[in-house]
Amino acid sequence: MDTKEILKKVKKIEIKSRGLSQHIFAGQYHSAFKGKGMAFSEVREYQYGDDTRSIDWNVTARYNRPFVKIFEEERELTVMLLVDVSGSNEFGTKYALKEDIITEVSAILSFSAISNNDKVGVIFFSDQIEKFIPPKKGSTHILRIIRELIDFKPKSQKTDIAEALRFLTNSMKKKTTCFILSDFISPEFENALRIANYKHDIVALRVSDPREYDIPNLGMIRTYDKESGKTIWMDTSSKKVREAYSKWWKDKNVELTRLFLRCGVDNAFLQTDKDYVKELMRVFKVRESRF
C-alpha cells in the first residue's frame, strides 16, 4: 500500500470513528471508565463542617489560621490498546477482515479517549512485542496510531497474549484502562491475564468471523493456517466433520468466556458480519451499571 492509499484510508477511518465516538460513545465512555480517584485542587480557609483531617498544617502555621486542602475527582485516564497483529486476523469472509474491525474499534476507542482528555498508547503484539507506542494526548498522536494500524507489518505471524500482558504489567507502572483487541487464538494466558487485571483495568474485545465456527458444505477444501504455516485438507461434505468442527469452536468460546469470568475481565464479542457498535455499547453499559 503506497502513501497516498494509506492517507486515504486513514481519512476514511478517521471520519467514521470520530463520528461514532462523538455521537454514540461520548457519554457511554465517560460514564463507563472512571478516573483514578481524587486529585488535589486548591487550599482555602477552614469553614464550619470541614473535615479536620483535610487541614493543611503547613499553610495553617504560616498564616496562623486554619486552611484545608480541597480535592476533586481526577478523571484523566491512561488508555492502552493491546492490538493483536498476528496472521490469524488476516481473515474475513463477510463484510470485513478481522484486522479491519480491530483497526476501526481501536480508532473509535482512541478518539473517545482523547475527547475525555485521556492519554492513549498502543502495544502491537504477535508472539512477541512488535511495537510499543507510549501513551500521549492529541489528534496528531491518534492519527499516527491509525496509520500504524493500517500499514503495520509484524515480524511474526504467531500469537502469544501472555507475552503482551507481561509486557503491559512490567512497562506501565501506573494503573491503566487496557483494551485487548484479538481473536484470542493463543496459547494459555490465564495467569498473565489475572496478574495484569489485578494491576490494571482490562477489557477483552474478541473478534471473530462466522466461517471460523460454521463451515458450509463445499466438498473437499484446502485450509491454510497462516500462524503455523500448515495446510490441511477437510471434507466439508461430511456432516459429521462440520458438526465436530463447529462443536470444537463453540466449546472453545465457552471456555474463553469462563476464563474472563474467573479473572474478572469484562469482554465483548465482535463479529465481522455484525454491527460491533451494539456489542461495544453493551459492555459499556455493563460497566456503567457497576458505578
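The rules behind the values
Residues numbered from 1 in each chain as written. Predicted model: local features only at pLDDT ≥ 70, side-chain atom pairs only at ≥ 80, totals over all residues. Heavy atoms only, no water. Helix = DSSP H or I, 4+ residues; strand = E, 2+ residues; numbered from the N terminus. Contact = heavy atoms within 4.5 Å. Areas by Shrake-Rupley, 256 points an atom, 1.4 Å probe, with all protein chains shown as cover. Pairing = 2+ DSSP bridges. Buried < 20%, exposed > 50% of the residue type's maximum accessible area, 1.4 Å probe, protein only. Axes fitted to C-alpha atoms, helices over the stretch in contact; angles between N-to-C directions. Parallel < 35°, antiparallel > 145°, perpendicular 65-115°, else oblique. Left-handed = near helix turned anticlockwise from the far one by under 90°. Nonpolar A, V, L, I, M, F, W, Y, C, P; charged D, E, K, R; others polar. Salt bridge = Lys/Arg side-chain N within 4 Å of Asp/Glu carboxyl O.

(A) Quick look at the overall build of the chain. Along its length, the chain carries 9 helices and 10 strands. Sequence-distant contacts in the chain: of pairs separated by 6 or more residues, those separated by 24 or more amount to 73%. Counting only carbon and sulfur atoms, one obtains 52% of the accessible surface of the chain, whose full area is about 15900 Å².

(B) Inspection of the pairing of strand β5 (residues 129-136) at higher detail. The sheet contact formed by strand β4 (residues 119-125) and β5 spans 5 bridges and is antiparallel. Pairing of Phe125 across the sheet is with Ile129, part of β5.

(C) Representation of unusual backbone geometry in the model. Phi angles above zero are rare outside glycine, and Asn64 is one such case at about 60 degrees. Secondary-structure assignment places Asn64 in the loop between α3 (57-63) and β2 (67-74). Given a relative accessible area of 72%, Asn64 falls into the exposed group. With phi around 65 degrees, Asn117 is a residue other than glycine that occupies positive phi space. By secondary structure assignment, the location of Asn117 is in the loop between α4 (98-115) and β4. Asn117 sits in the partly exposed class, given a relative accessible area of 43%.

(D) Structural context of the sheet that holds strand β3 (residues 78-84). The strand order across the open sheet built from 6 strands is β5-β4-β3-β6-β7-β10, with neighbouring strands paired in mixed fashion. Two strands close off the open sheet at either side, each with one partner strand: β5 and β10 (266-271). With direction set aside, neighbouring strand axes in the sheet form an average angle of 15 degrees. Summarising the sheet, strand β7 (residues 201-208) and β10 pair through 6 bridges and their orientation is parallel. Bridge pairing links Arg206 to Phe269 in β10.

(E) A look at the packing of helix α6 (residues 161-171) against helix α7 (residues 190-199). The geometry of α6 relative to α7 is characterised by a closest axis approach of 9 Å and an angle of 25 degrees between their N-to-C directions. Judged by the inter-axis angle, α6 sits roughly parallel to α7. As for the relative orientation of α6 and α7, their crossing is left-handed in sense. The segment α6 lies against α7, with Ala162, Leu165, Arg166 and Thr169 engaging Ala192, Leu193, Ile195, Ala196 and Lys199. Residue classes in the contact of α6 with α7 are distributed as 6 nonpolar, 1 polar and 2 charged.

(F) Main features of the pattern of salt bridges. This model, assessed by the stated rule, comprises 16 salt bridges. Of the charged contacts in the structure, one is a salt bridge between Glu163 and Arg166, with a shortest N-O distance of 3.3 Å. Of this pair, Glu163 and Arg166 both sit in helix α6, separated by 3 residues, roughly a single helical turn. In this structure, the salt-bridge partner of Asp201 is Arg287, at a minimum N-O distance of 2.4 Å. With Asp201 in strand β7 and Arg287 in helix α9 (residues 276-290), this pair connects stretches of sequence that are 86 residues apart. Overlapping salt bridges, with partners in common, bring together Glu190, Arg194, Glu255 and Arg262 in one network.

(G) Focus on the environment of Glu42. Relative to the helices and strands, Glu42 is located in strand β1 (residues 37-45). Its relative accessible area of 42% is what places Glu42 among the partly exposed residues. Setting aside chain neighbours within four positions, we find Glu42 in contact with Val68, Lys69 and Ile70.

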